[in-house]
Amino acid sequence: DRVLTKDPPGSASWLKAHEGVFGGHDIASILGVGRKTPFQLWAEFTNKVEKEDISKLPWVRRGNALEPVVAQLYSETTGRELMPSPGMIRHPTIPFIAGTPDRLVETPERGLGIAELKTIGFWKRDAWENGIPLDFQVQCHVYMAVMQVEWFTISAMPIDDRRDETEPILWMDAVIDPVFMDFMLDEVGTFYDEHITRDIPPPALQDDASVLRRMFKREVTGTVVKLSD
């Protein structure tokens, strides 16, 4: 069964099911466009440090709370009805890849696809004018891979109050990029084999100073280290 859980993202059961698999945000980090460095992802995945809990961060809580609003505005704008999330789905042939799409969508022209729903700060609205940000493209390709579909739609609701006549959400459709998909899956497989299976860390970057401090404490009170000759 490829459905690991149907519980909501961030719940205790969802976090438990997520252990041992790379999700959309993780794979974006492997490729260098995520919110974590590859070194931090490795350290957390191999239990060198405790995994960062972002569920209580304001922007995460706000995004989760507003997801149904984005879905409603998307349906009003496009005339498409969205289907519920299928849950966390494991890749059919790569057991360490899984993903939890926000919603599913289906059209007569394209068939079944992935629907992602985002909220963005007002300062990021302009970034969407050049297309879908790269980290979200990676995330959607992960979900297309696990669901075995070939297109996705993504909508983003800016958190601002521009007094203009534009729609309250930004939305775009995109189709699978097979060349990038093959590259992505190869990179993830290489990362897993070289850094997870062999437990060899990827190179640490300047941003990894806090992770290194957590891994290698300068001193541990009450501990005596006896050095050899």
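We now turn to the structure provided with this report. (Residues numbered from 1 in each chain as written. Predicted model: local features only at pLDDT ≥ 70, side-chain atom pairs only at ≥ 80, totals over all residues. Heavy atoms only, no water.)

**Some words on the pairing of strand β6 (residues 151–159)**
Right, so step 1: Of all nine residues in β6, eight are buried, a share of seventy percent or more.
Right, so step 2: With six bridges joining them, β6 and strand β7 (residues 170–175) adopt antiparallel strand pairing. Along β7, the bridge assignment pairs Ser 155 with Trp 171. (Buried < 20%, exposed > 50% of the residue type's maximum accessible area, 1.4 Å probe, protein only. Helix = DSSP H or I, 4+ residues; strand = E, 2+ residues; numbered from the N terminus. Pairing = 2+ DSSP bridges.)

**A closer look at the packing of helix α3 (residues 38–45) against helix α6 (residues 178–197)**
Right, so step 1: Relative to each other, α3 and α6 sit at 60°, their axes nearing to 11 Å. Relative to α6, the element α3 is oriented oblique. Considering the relative orientation of α3 and α6, their crossing is right-handed. Residues Pro 38, Leu 41, Trp 42 and Phe 45 of α3 form the contact with α6, whose participating residues are Phe 191, Tyr 192, His 195 and Ile 196.
Right, so step 2: Broken down by class, the residue content of the contact of α3 with α6 amounts to seven nonpolar, one polar and no charged. (Axes fitted to C-alpha atoms, helices over the stretch in contact; angles between N-to-C directions. Parallel < 35°, antiparallel > 145°, perpendicular 65-115°, else oblique. Left-handed = near helix turned anticlockwise from the far one by under 90°. Contact = heavy atoms within 4.5 Å. Nonpolar A, V, L, I, M, F, W, Y, C, P; charged D, E, K, R; others polar.)

**Brief notes about the nonpolar core**
Right, so step 1: Phe 22, Ile 27, Ile 97 and Ile 114 are the most contacted members of the largest nonpolar core, which totals 38 residues.
Right, so step 2: At the level of secondary structure, the elements contributing two or more residues to this core comprise α2 (24–30), α3, β5 (111–121), α5 (134–147), β6, α6 and α7 (209–215).
Right, so step 3: Looking at this core element by element, the count peaks at nine residues for α5.
Right, so step 4: Ignoring sequence-local partners within four residues, the contact set of Ile 114 consists of Pro 101, Arg 103, Leu 104, Val 105, Tyr 143, Met 144, Met 147, Val 149, Trp 151, Phe 152 and Thr 153.
Right, so step 5: Counting eleven residues, the second-largest nonpolar core is a separate cluster that includes Tyr 74, Leu 82, Met 157 and Ile 169. (Core = buried A, V, L, I, M, F, W, Y, C linked by side-chain atoms within 4.5 Å.)

**Focus on α5**
Right, so step 1: End to end, α5 covers 20 Å across 14 residues, agreeing with the expected 20 Å (1.5 Å per residue, within 8%).
Right, so step 2: Of all 14 residues in α5, eleven are buried; the element is thus mostly enclosed.
Right, so step 3: Turning to α5, its buried residues number three or more, namely Phe 136, Val 138, Gln 139, Cys 140, His 141, Val 142, Tyr 143, Met 144, Ala 145, Val 146 and Met 147. (Expected span 1.5 Å × (residues − 1).)

**Quick look at the sheet that holds strand β3 (residues 98–99)**
In a beta sheet, neighbouring strands pair by backbone hydrogen bonds and run either parallel or antiparallel.
Right, so step 1: On the basis of which strands lie adjacent, the open sheet formed by three strands has the order β1-β2-β3 and antiparallel pairing. Here the strands that pair on one side only, and so sit at the sheet edges, are β1 (3–5) and β3.
Right, so step 2: The sheet contact formed by strand β2 (residues 88–90) and β3 spans two bridges and is antiparallel. Considered in β3, the bridge of Ile 89 is made with Gly 99.

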